[in-house]
Amino acid sequence: MNALQAEFIQRDNPADQGVSRGILSPVKTTEWPDEDFNAFSDAPYEFENSTQMLWDDTGKVYYHACTANRFSENYLQYCEQLEKNIKELGSCCLTKAVLEQHGQKFEKLSELNINALVRMVSFHLRKAHAALDGIYQGNNLLGMTYLNWEFRWVGLGNRLKATEVKINKIKEGKINTEKWLEQAEVFKGEERSNDKAEIVQCSAMRINPSALPI
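Structural notes, computed from the coordinates. (Residues numbered from 1 in each chain as written. Predicted model: local features only at pLDDT ≥ 70, side-chain atom pairs only at ≥ 80, totals over all residues. Heavy atoms only, no water.)

### Details of the packing of aromatic side chains
Here is step 1: Counting across every chain of the model gives four aromatic pairs.
Here is step 2: Its end group placed over the ring of W149, R152 keeps NZ or CZ at 3.9 Å from the ring centre. (Phe/Tyr/Trp six-rings, centres within 6.5 Å; stacked < 30°, edge-to-face > 60°. Lys NZ or Arg CZ within 6 Å of the ring centre and 35° of its normal.)

This is how it looks when you write it as structure tokens:
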């Protein structure tokens, strides 16, 4: 086990409260400085910007999953996250189709579509199969983790293809999208409320939620 793999395992150990959960680093959480309470806007996120963040960050995860050694613990960690990301982005593709059907356009999301997600899945289906085959041919052992991933990738791919069928029906006007439209546009256009220098912390945001109220 190399140092990076050990760090992955250490991060997932709830008993170790001193290790940073944010990055792969030996730096303790107590050594990081505090940030301003209103450093970021609390304005309700809207579809295009939030989906662009998810899509861009999924591209990073996908790259590292593609380049990680198929037999490494790192690769399996990336696959876990990538699977979750692709599922959520599949839903985003559905929402995008609904909003586009109602006249909205999303130039920043032009490359996000079901085809791109299926291609991600297809790459790692083949990589998982190659890992299982390599273990079996070299050691006469079944790599059950990789076999499980093969079926997970195929299952996810089938769900994505079903989503594409639904998207095509939306484009053809065969599915009523009013309810989806209402959900996608709730809180749309609302401004931030934490832009003032002095903010009073409300009782619902106590630092220690387990403490008894005064």
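Further notes follow.
### Remarks on helix α3 (residues 73–101)
Here is step 1: The end-to-end C-alpha separation of α3 is 43 Å, in line with the 42 Å expected for 29 residues at 1.5 Å each.
Here is step 2: A positive backbone phi angle near 95 degrees is found at G103, which sits one or two residues after α3. (Helix = DSSP H or I, 4+ residues; strand = E, 2+ residues; numbered from the N terminus. Expected span 1.5 Å × (residues − 1).)

### A word on the nonpolar core
Here is step 1: I86, L112, L117, W153 and L160 are the most contacted members of the largest nonpolar core, which has 38 residues in total.
Here is step 2: Contributions of two or more residues to this core are made by α2 (47–67), α3, α4 (114–139) and α5 (144–171).
Here is step 3: Examining the composition of this core, we find that twelve residues originate from one element, α3, more than from any other.
Here is step 4: Apart from residues no more than four positions distant in its own chain, L117 is found in contact with W55, I86, L89, G90, C93, L112 and L160. (Core = buried A, V, L, I, M, F, W, Y, C linked by side-chain atoms within 4.5 Å. Buried < 20%, exposed > 50% of the residue type's maximum accessible area, 1.4 Å probe, protein only. Contact = heavy atoms within 4.5 Å.)

### Some words on the environment of D57
Here is step 1: Inspection of the secondary structure assignment puts D57 in helix α2.
Here is step 2: Remark: the alpha-carbon pair of D57 and L82, spanning 25 residues in sequence, is separated by 10.0 Å.
Here is step 3: Within the local environment of D57, its side chain forms a polar contact with the side chain of K60, the two groups lying 3.1 Å apart. (Polar contact = N/O pair within 3.5 Å; in protein donor to acceptor, adjacent residues only side chain to side chain.)

### Considerations on α2
Side chains of residues three or four places apart in an α-helix project in the same direction, reflecting 3.6 residues per turn.
Here is step 1: If you check α2, its first and last C-alpha atoms are 30 Å apart, about what 21 residues at 1.5 Å a residue would give, namely 30 Å.
Here is step 2: Residues of α2 that are buried include every one of F47, S50, T51, W55, T58, V61 and A65, and no others. Projected down its long axis, α2 carries its buried residues within an arc of 130 degrees, all on one side. Set apart from the buried face of α2 by more than 90 degrees, the exposed residues are M53 and Y63.
Here is step 3: Close packing links the buried residues of α2 with α3 and α4. (Arc of directions from axis to C-beta.)

### Here we look at the pattern of salt bridges
Here is step 1: For the structure shown, the criterion picks out four salt bridges.
Here is step 2: A salt bridge links K60 to D57; the shortest N-O distance between them is 3.1 Å. On the criterion of helical spacing, the pair formed by K60 and D57 is a turn pair, its members being three residues apart in helix α2.
Here is step 3: The salt bridge partner of E83 is R152, with a shortest N-O separation of 2.5 Å. One end of the pair, E83, is in helix α3; the other, R152, is in helix α5, and 69 residues separate them in sequence. (Salt bridge = Lys/Arg side-chain N within 4 Å of Asp/Glu carboxyl O.)

### Remarks on the environment of S91
Here is step 1: With respect to the element layout, S91 can be found in helix α3.
Here is step 2: The partly exposed category is assigned to S91, whose relative accessible area is 40%.

### Points about the environment of E191
Here is step 1: Relative to the helices and strands, E191 is located in the segment after α6 (178–185).
Here is step 2: Taking C-alpha positions, E191 is 7.5 Å from P44, a pair spaced 147 residues apart along the chain.
Here is step 3: Setting aside chain neighbours within four positions, we find E191 in contact with A43 and P44.

### A few points about the packing of α3 against α5
Here is step 1: One can describe the packing of α3 onto α5 by two numbers: an axis separation of 9 Å at closest approach and a directional angle of 5 degrees. As the angle between them shows, α3 and α5 are arranged roughly parallel.
Here is step 2: A per-class count over the contact of α3 with α5 returns 16 nonpolar, four polar and seven charged. (Axes fitted to C-alpha atoms, helices over the stretch in contact; angles between N-to-C directions. Parallel < 35°, antiparallel > 145°, perpendicular 65-115°, else oblique. Nonpolar A, V, L, I, M, F, W, Y, C, P; charged D, E, K, R; others polar.)

### Observations regarding the side chain of S72
Here is step 1: By the element assignment, S72 lies in the loop between α2 and α3.
Here is step 2: A distance of 3.1 Å separates a polar side-chain atom of S72 from the backbone nitrogen of Y75.

### Some words on the state of the cysteines
Here is step 1: Under the criterion given, the structure shown has zero disulfides.
Here is step 2: C66 carries a free sulfur, and the closest cysteine sulfur to it, the one in C79, is 9.1 Å from it.
Here is step 3: The closest cysteine sulfur to the non-disulfide-bonded C93 is located on C92, 7.1 Å from its own sulfur.
Here is step 4: Judged by relative accessible area, which is 4%, C93 ranks as buried. (Disulfide = S-S within 2.5 Å.)

Without other data, these values stay purely geometric and don't point to any function.
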